[in-house]
Amino acid sequence: MKQEITAEQWKTLQEAAYAAMKLSYSPYSHFPVGAAALTDDGRIVSGANIENASYGLTLCAECSLVSDLIRTGGGRLVAFACVDSNGDPCSPCGRCRQILSEHGGPDMLLQMAEGVMTMAEVLPGMFTPQDLV
Ligand code: THU
């Protein structure tokens, strides 16, 4: 179900994403990323990127966020914001769009540099649990 997000809620998400970004472990890229999302029961979940000396094993901020979602009781992601060290929107990579889509579905809202977009817009033709049936 589509949910309207107020400007104040977007600001709260940006601030939570920025706070998470400050906790990033990114000694290799020096590109800290923070992500935060509003859940359908009103929680705010967040995460930061966690890099590894084996570079390819890096966890994006979105992966940490989904871990926080499940650890704190699950539910659906309604709205999502991701920021870089300047606090500017960071575009979720392709893999992270797929990972987020599992928990937010096509109507999930994402704050992009271009403005607010739905998951269906940023990941058209997404692979869903329904495709396994
Ligand atoms: N990164 C994220 O955390 N999320 C994204 O969607 C894009 C990239 C991180 C991974 C890596 O630690 C750093 O940004 C540079 O690629």
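Residues numbered from 1 in each chain as written. Predicted model: local features only at pLDDT ≥ 70, side-chain atom pairs only at ≥ 80, totals over all residues. Heavy atoms only, no water.

Here the focus is the site of the ligand. Taken together, Ser29, Phe31, Val33, Asn49, Glu51, Thr58, Cys60, Ala61, Glu62, Ser91, Pro92 and Cys93 make up the full set of residues adjacent to the ligand. In this structure, Glu62 approaches the ligand through a side-chain N or O atom, which is 2.8 Å from an oxygen atom. Between the ligand and the protein, one listed contact pairs an oxygen atom with a backbone N or O atom of Cys93 at 2.8 Å. Out of a free accessible area of 380 Å², the ligand has 79% covered by protein chains. Taken together, the residues that form the shell around the ligand break down as 6 nonpolar, 4 polar and 2 charged. (Near = heavy atom within 4 Å. Polar contact = N/O pair within 3.5 Å; in protein donor to acceptor, adjacent residues only side chain to side chain. Areas by Shrake-Rupley, 256 points an atom, 1.4 Å probe, with all protein chains shown as cover. Nonpolar A, V, L, I, M, F, W, Y, C, P; charged D, E, K, R; others polar.)

We now examine a nonpolar patch on the surface. Nonpolar side chains collect at one region of the surface, where Tyr25, Tyr28, Ile50, Tyr55 and Leu59 lie side by side and expose about 520 Å² of accessible area between them. For Tyr25, the location among the structural elements is in the loop between helix H1 (7–21) and strand E1 (34–39). For Tyr25, a relative accessible area of 43% translates into the label partly exposed. (Patch = residues over 30% accessible without salt bridge, like charges linked within 9 Å, V, L, I, M, F, W, Y side chains within 5 Å. Salt bridge = Lys/Arg side-chain N within 4 Å of Asp/Glu carboxyl O. Helix = DSSP H or I, 4+ residues; strand = E, 2+ residues; numbered from the N terminus. Buried < 20%, exposed > 50% of the residue type's maximum accessible area, 1.4 Å probe, protein only.)

In terms of nonpolar packing, the biggest core is built from 20 residues, with Leu65, Leu77, Phe80, Leu100, Met108, Leu110 and Met119 touching the most fellow members. Only E1, helix H2 (61–71), strand E3 (77–83), strand E4 (109–112) and helix H4 (119–122) provide two or more residues apiece to this core. Broken down by element, this core gets its largest block of residues, 4 residues, from H2. If we skip the residues at most four places from it in the chain, Leu110 touches Trp10, Phe80, Pro92, Leu100, Gly115, Val116, Met117, Thr118, Met119 and Val122. Among the nonpolar cores identified, the runner-up in size contains 13 residues, and Leu13, Ala17, Met21 and Ala81 belong to it. (Core = buried A, V, L, I, M, F, W, Y, C linked by side-chain atoms within 4.5 Å. Contact = heavy atoms within 4.5 Å.)

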